[in-house]
Amino acid sequence: MPSEAADFRADVLAIAAHRDDVEQTCGGTLLRMAARGLRTAILDLTQGEAGTRGTAAERAREAEEAARVLGVGWRQALDLPDGAVENTLENRMAIVRVLRLLRPRVVILPYWQARHPDHAIAATLGYEACFLSGLKKVDTGALPERSSSVGWNTRTEPHRPFKIVYASLYADVRPSFIVDITPFIEQRHLALMAYRSQYSNQSAGSALFVPEEEIRERAFAEARHYGLLAGVRYGEPFVQKEVGLVDDLTLVPVQSL
Ligand SMILES: [Zn+2]
């Protein structure tokens with residue numbers, strides 16, 4: 001797994017609460033960035049032990065496979081409790097270590113309002129970690145290593161990402177911009193389907209889970225909806241807190257009428 005490479009650096013790092021979140025909210029964007037030659041990475045905050053279907057070990061294997069499908073160069077999961085993600089100093093520092101190791105220019109976080117509390121907390125936890133990561137006096141070297149973090153502490157110089165964007169697919173909010181994922185939608189779907197313990201048709205939790213064909217239809221319909229907002233076929237929505245900056249009005253995309 002390329003996730004072991006200690007010298008890997010990322011241009012774009014997606015942070016999410018659960019394995020399979022990124023595949024649903026910004027997997028097409030990661031594919032698009034990788035196709036542009038950028039180095040992409042994923043940090044999942046939990047290991048999925050609270051899920052109705054499958055074990056954490058199964059989900060780890062599936063997450064690795066999904067990472068390969070998405071073409072990401074690095075993927076790891078922290079061991080925050082699934083269903084009880086909290087914004088604590090220890091958890092912020094665990095993310096700071098990853099930020100200082102990978103040194104991403106762009107960080108993708110979940111949108112800050114969400115039905116699942118883990119998603120909402122991941123947004124503020126991730127934001128605060130990005131801030132702390134840039135502070136010289138925040139010293140990750142002095143903290144004890146986490147058991148699963150071999151090699152994560154080799155780079156401790158401060159690093160503040162340039163840009164944070166929020167993947168807003170799970171939220172009912174008007175996006176700031178859309179990423180055109182039209183050429184990548186099938187590949188993104190393959191990445192989600194790598195989570196066979198979650199999404200293949202089976203009896204465990206069938207009252208709670210929708211059938212595989214329905215998942216495809218929903219995912220494509222949502223991508224089509226966001227694509228239409230931007231005048232493309234399939235898209236993924238993002239929110240940014242900052243305003244946009246324009247150089248040439250004649251080059252601003254998305255037609256008005
Ligand atoms: Zn989730």
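One structure accompanies this document, and this report is about it. Note that the structure is predicted; figures quoted are calculated from it, not measured.

Rules of the game
- Residues numbered from 1 in each chain as written.
- Predicted model: local features only at pLDDT ≥ 70, side-chain atom pairs only at ≥ 80, totals over all residues.
- Heavy atoms only, no water.
- Helix = DSSP H or I, 4+ residues; strand = E, 2+ residues; numbered from the N terminus.
- Contact = heavy atoms within 4.5 Å.
- Areas by Shrake-Rupley, 256 points an atom, 1.4 Å probe, with all protein chains shown as cover.
- Lys, Arg positive; Asp, Glu negative; His and termini not counted.
- Charge placed at Lys NZ, Arg CZ, Asp CG, Glu CD.
- Salt bridge = Lys/Arg side-chain N within 4 Å of Asp/Glu carboxyl O.
- Buried < 20%, exposed > 50% of the residue type's maximum accessible area, 1.4 Å probe, protein only.
- Donors = N, O, S within 2.8 Å, 3.2 Å for Na, K, Ca; no water.
- Pairing = 2+ DSSP bridges.
- Axes fitted to C-alpha atoms, helices over the stretch in contact; angles between N-to-C directions.
- Phe/Tyr/Trp six-rings, centres within 6.5 Å; stacked < 30°, edge-to-face > 60°.
- Lys NZ or Arg CZ within 6 Å of the ring centre and 35° of its normal.
- Disulfide = S-S within 2.5 Å.
- Expected span 1.5 Å × (residues − 1).
- Arc of directions from axis to C-beta.

In this section: the overall build of the protein. Along the protein, the regular secondary structure elements total 8 helices and 7 strands. In the protein, once contacts between residues fewer than 6 apart in sequence are set aside, the share between residues at least 24 apart is 84%. Per element, the accessible surface of the protein, about 12900 Å² overall, is 54% carbon and sulfur. For the protein, the distance from the average site of its 30 positive side-chain charges to the average site of its 33 negative ones is 5 Å.

Let us now look at the pattern of salt bridges. The tally for this structure, following the rule as stated, stands at 10 salt bridges. Note that Arg 216 and Glu 186 form a salt bridge whose closest N and O atoms lie 2.8 Å from each other. Taken as a pair, Arg 216 in helix H8 (residues 212-230) and Glu 186 in helix H6 (residues 185-193) lie far apart in primary sequence, 30 residues in all. Given the relative accessible area of 43%, Glu 186 is considered partly exposed. The partner of Glu 214 in a salt bridge is Arg 218, with the nearest N and O atoms 3.0 Å apart. Separated by 4 residues within a single helix, Glu 214 and Arg 218 lie in helix H8, roughly one turn from each other. According to the relative accessible area criterion, Glu 214 is partly exposed, its value standing at 31%. Since its relative accessible area comes to 45%, Arg 218 is described here as partly exposed.

A few words on the coordination of the zinc ion. Coordination sphere of the zinc ion, protein contribution only: His 18 (ND1), Asp 21 (OD), Asp 21 (OD) and His 119 (NE2), at 2.0 to 2.5 Å. For the zinc ion, all donor residues lie on one chain, and their spacing in sequence is H-x2-D-x97-H. Of this pair, Asp 21 sits in helix H1 (residues 21-25) while His 119 is found in helix H5 (residues 117-133), placing the two residues 98 residues apart along the sequence. Exposure class is identical for Asp 21 and His 119. Each is buried.

Bringing the sheet that holds strand E6 (residues 177-180) into the picture now. Think of a sheet as strands paired side by side through backbone hydrogen bonds, with each pair either parallel or antiparallel. One open sheet holds the 7 strands; their spatial order is E3-E2-E1-E4-E5-E7-E6, and the pairing between them is mixed. Only two strands of the sheet have a single neighbouring strand rather than two, namely strand E3 (74-80) and E6. The average undirected angle you get between the axes of adjacent strands in this sheet is 30°. Looking at chain direction, strand E1 (residues 12-16) and strand E4 (residues 106-110) are connected through 3 bridges and run parallel.

Attention now moves to the packing of aromatic side chains. Tallied over the full model, the rule gives 4 aromatic pairs. Seen in terms of ring centroids, Tyr 111 and Trp 112 are 4.2 Å apart; in terms of plane orientation they differ by 35°. Their pairing is tilted. By relative accessible area, which is 31% here, Trp 112 ends up partly exposed. Residues Trp 112 and Tyr 166 carry aromatic rings whose centres are separated by 4.8 Å and whose planes lie at 85° to one another, so their mutual orientation is edge-to-face. Of this pair, Trp 112 sits in the loop between E4 and H5 while Tyr 166 is found in strand E5 (residues 163-167), placing the two residues 54 residues apart along the sequence. Taking relative accessible area as the criterion, Tyr 166 reaches 2% and is therefore assigned buried. One aromatic cluster is present, formed by Tyr 111, Trp 112 and Tyr 166 through successive ring pairs. Positioned over the ring face of Phe 131 is Arg 160, at 4.5 Å from the centre of the ring.

Within the structure shown, the criterion is met by 0 disulfides. The cysteine Cys 26 is free of any disulfide, with Cys 130 supplying the nearest cysteine sulfur at 14 Å.

Topologically, Leu 89 is positioned in helix H4 (residues 89-102). On a C-alpha basis, the gap between Leu 89 and Leu 125 in space is 9.2 Å, while along the polypeptide they are 36 residues apart.

Right, let's talk about H8 for a bit. Look at H8: 28 Å from first C-alpha to last across 19 residues, which is about the 27 Å you get at 1.5 Å a residue. All buried positions along H8 are accounted for by Ile 215, Ala 219, Phe 220, Ala 223, Tyr 226, Gly 227 and Ala 230. Taken down its axis, H8 places every buried residue within 130° of arc, on the same side. For H8, the exposed residues lying more than 90 degrees away from the buried face are Glu 213, Glu 217 and Leu 228.

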